[in-house]
Amino acid sequence: MIKLTLSLRKWCCMRVKIATVLAAYCLGVFAICYSAPPVTQPTAYDRARLPFAAAAQTSGDDKIIALRQQGPAGLDALFEQNASVIADLRPGRIALDDDKVKGLRTKLDTVAKQRDEYASQLYWYTDLDVAKAEAAKTGRHILSLRLLGNLDQEFSCANSRFFRTVLYANTAVADHLREHYVLHWKSVRPAPLVTIDMGDGRRIQRTITGNSIHYVLDSDGTVLDALPGLYGPQAFLAELTLSESLSRPDSDTVRQWHQSQANGLRYQWLSEAALSGLYGEAFATRLIEGSPSDIANCLAEAFPNQRANFLLEPVRRAPVVPEAKEAPLTSRRKPTEFEPRAAAKSMVERPISRKTSPGAKQQDAVQRTAADHVGPPVQPSDLDRRPLAVRMTDDAWQKLATLRTNDARLDESSRRLMIAKLPRKSVSDDERAQGGVVNGQTPFARTLAHFEEAIALDTVRNEYQFHLQIHEWLARDKSDHLRHDVEALNQRVYTDLFLTPDFDAWLGLVPDDTYTALEKDGCACDKGAPPMR
């Protein structure tokens, strides 16, 4: 009996020891597995905070945040991880609204801060200071986009949406931007959005106004150039290449360069107008075959408010010569004063909101801008010598646009994104498979042709109206105020060129002198909305 009792005691003690050891072991494993690592706040300029292997072990939002913090490296890793799916998504073998890719598209857009990111693989910064630090580190320029709305949302302004299709999805443009630029965007203000309820469950949503501009900046944020509105991909690359020649130049060099660009644009504009028949055959011959003094006289007639000494300075490039001579222009309406307008934007915005007469403040802005282009008011007795900007009717602009059709061609990558965005019934199976036009009679072929025509028209109008004016501003910027303050330049662009100034809370959609018979003109402001300056 005594022996049995001792054995039981030993057995119980052994069980206690075993239980104690097991408990200690479990506690140790628990501590190792669940102890929180020390929390550190990474610096804003460190893009290599988390290797992708570590980020992949996290899940959900944490993983996306970690990849975003890595910068372009994190985005490239996300593309590499999902290469097979993206390879099916780009050519349209998977629809954009397919449940299999909705989550992936959201991740890509969130990490890159750009909508339709799968088609471009471009990383965008939204903090200019961080972009400047990255540019200084890599020795690249900065391309800073200003827009209405946000680039990573579907309903940003029309031009920024077109950028995503025409420029960022273009293979050559995307490769160039990825290699030579640090990309940055900033929203100027929200994009106005209108919804039309058809009453039977169908709804139409559109933005109704807004414009965008790309600024080429040095690594310290100094303005080198600015490309306003939509350009064709080939023209966009050509303009970027020109501005890239300016790398940390002195102030005088920059001003001389911009004056030279402005001079070249005037000569190019006049040459193309003459070639298209705007001034008649005799004037075209005089301009093309004439002596330097003849050319100077032609320019003086076209731009009467400009000083004479610029007329004989070297110009930027030769005019575009059409392959075959075309008939002279015939105007279908009375020429108007300087009237900025974007053709591509009009395709989606004008059917919803027809152009209204601008208010008094916008009229002043139009007149100030027109004065820079056309000089003194035209007198009835002087109609034969009207300045070029006044002669530019819609027909004249369209004629110039026909000289730029090659600048507006969409490559296969852009066409495939365009096809993916369109309703499936509007694109044939053959076109969807081949990523382009099978013949010129299909609905998509007509849509593509119309879009490319609008891009060409936007290119010439933006270059000769807006870009020319920006060159002049920077050439006359003796204090370097605009060059060293992109925000000041941007404010002037949106006020004097785009006619959507900060002081107009309604973006010109509510004319000052129009009676609507609605209380408060039908305008409401939700409580807590931010006040406009």
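Residues numbered from 1 in each chain as written. Predicted model: local features only at pLDDT ≥ 70, side-chain atom pairs only at ≥ 80, totals over all residues. Heavy atoms only, no water.

Novice: I tried to follow the overall build of the protein chain on my own but got confused; where do I start?
Specialist: The secondary structure content of the protein chain amounts to 22 helices and seven strands. Looking at the protein chain as a whole, 46% of its 533 residues qualify as buried. Long-range contacts, defined here as pairs at least 24 residues apart, represent 71% of the contacts in the protein chain between residues at least 6 apart. Summed over all atoms, the accessible surface of the protein chain reaches about 27,500 Å², with 55% contributed by carbon and sulfur. (Helix = DSSP H or I, 4+ residues; strand = E, 2+ residues; numbered from the N terminus. Buried < 20%, exposed > 50% of the residue type's maximum accessible area, 1.4 Å probe, protein only. Contact = heavy atoms within 4.5 Å. Areas by Shrake-Rupley, 256 points an atom, 1.4 Å probe, with all protein chains shown as cover.)

Novice: Hey, could you run me through the packing of aromatic side chains in this one?
Specialist: Here the distance between the centres and the angle between the planes together describe a pair of aromatic rings. Applying the stated criterion across every chain, the model contains ten aromatic pairs. With centroids separated by 5.0 Å and ring planes inclined at 90°, the aromatic side chains of tyrosine 494 and phenylalanine 498 adopt a geometry described as edge-to-face. Comparing tyrosine 494 with phenylalanine 498, the two get one shared label, buried. One aromatic cluster is present, built from ring pairs that chain together Trp269, Phe303, Trp397 and Tyr464. The ring of phenylalanine 303 carries the charged tip of arginine 266 above its face, separated from the ring centre by 5.7 Å. (Phe/Tyr/Trp six-rings, centres within 6.5 Å; stacked < 30°, edge-to-face > 60°. Lys NZ or Arg CZ within 6 Å of the ring centre and 35° of its normal.)

Novice: Teacher, can you tell me more about the pairing of strand E4 (residues 193–197) here?
Specialist: Here is the key point about a regular strand: its side chains alternate between the two faces of the sheet. Bridge count between E4 and strand E5 (residues 203–207): five bridges; the pairing is antiparallel. Bridge pairing in E5 links valine 194 to arginine 206. Counted between consecutive antiparallel strands, the loop separating E4 from E5 contains five residues, among which glycine 199 sits at a positive phi close to 90°. (Pairing = 2+ DSSP bridges.)

Novice: I would appreciate a short explanation of the nonpolar core in the present structure.
Specialist: Most often, soluble globular proteins have nonpolar side chains that are buried together. Membership of the largest hydrophobic core comes to 115 residues, with the highest contact counts inside it found for Tyr168, Leu177, Trp269, Leu270, Leu388 and Val493. The dominant element in this core, judged by the number of residues it contributes, is helix H20 (residues 443–475), at 14 residues. Contact partners of leucine 270, with chain neighbours within four places excluded, come to Tyr279, Phe283, Leu287, Cys298, Leu299, Ala302 and Leu388. (Core = buried A, V, L, I, M, F, W, Y, C linked by side-chain atoms within 4.5 Å.)

Novice: Sorry, what's going on with the side chain of asparagine 462 here?
Specialist: Within the secondary structure, asparagine 462 is located in helix H20. Polar contacts involving the side chain of asparagine 462 include one to the main-chain carbonyl oxygen of proline 228, which spans 3.5 Å. A polar contact is formed between the side chain of asparagine 462 and the backbone oxygen of leucine 230, at a distance of 2.9 Å. Residues contacting asparagine 462, with those up to four places away along its chain left out, are Pro228, Gly229, Leu230, Tyr231 and His467. (Polar contact = N/O pair within 3.5 Å; in protein donor to acceptor, adjacent residues only side chain to side chain.)

Novice: How should the pattern of salt bridges be read in this particular structure?
Specialist: Oppositely charged side chains may form a pair once their charged atoms are brought near each other. Under the definition given, this model contains 26 salt bridges. Across the salt bridge formed by lysine 113 and aspartate 152, the nearest N and O atoms sit 3.7 Å from each other. Of this pair, lysine 113 sits in the loop between helix H6 (99–112) and strand E1 (124–125) while aspartate 152 sits in the loop between strand E2 (141–148) and helix H8 (158–168), and the two are 39 residues apart along the sequence. For the salt bridge of glutamate 487 with lysine 186, the shortest nitrogen-to-oxygen distance reads 3.4 Å. Placement of glutamate 487 in helix H22 (residues 486–497) and of lysine 186 in strand E3 (residues 181–189) is noted, with a sequence separation of 301 residues between them. (Salt bridge = Lys/Arg side-chain N within 4 Å of Asp/Glu carboxyl O.)

Novice: What should I look at first to understand helix H9 (residues 171–180) in this one?
Specialist: Because each turn of an α-helix spans 3.6 residues, side chains separated by three or four positions end up pointing in the same direction. For H9, the set of buried residues is Val173, Ala174, His176 and Leu177. Here the buried residues of H9 occupy an arc of 165° about the axis, which is enough to place them on one side. Capping the start of H9 is the job of one residue whose side-chain oxygen sits 3.0 Å from the backbone nitrogen of alanine 172: asparagine 170. (Arc of directions from axis to C-beta.)

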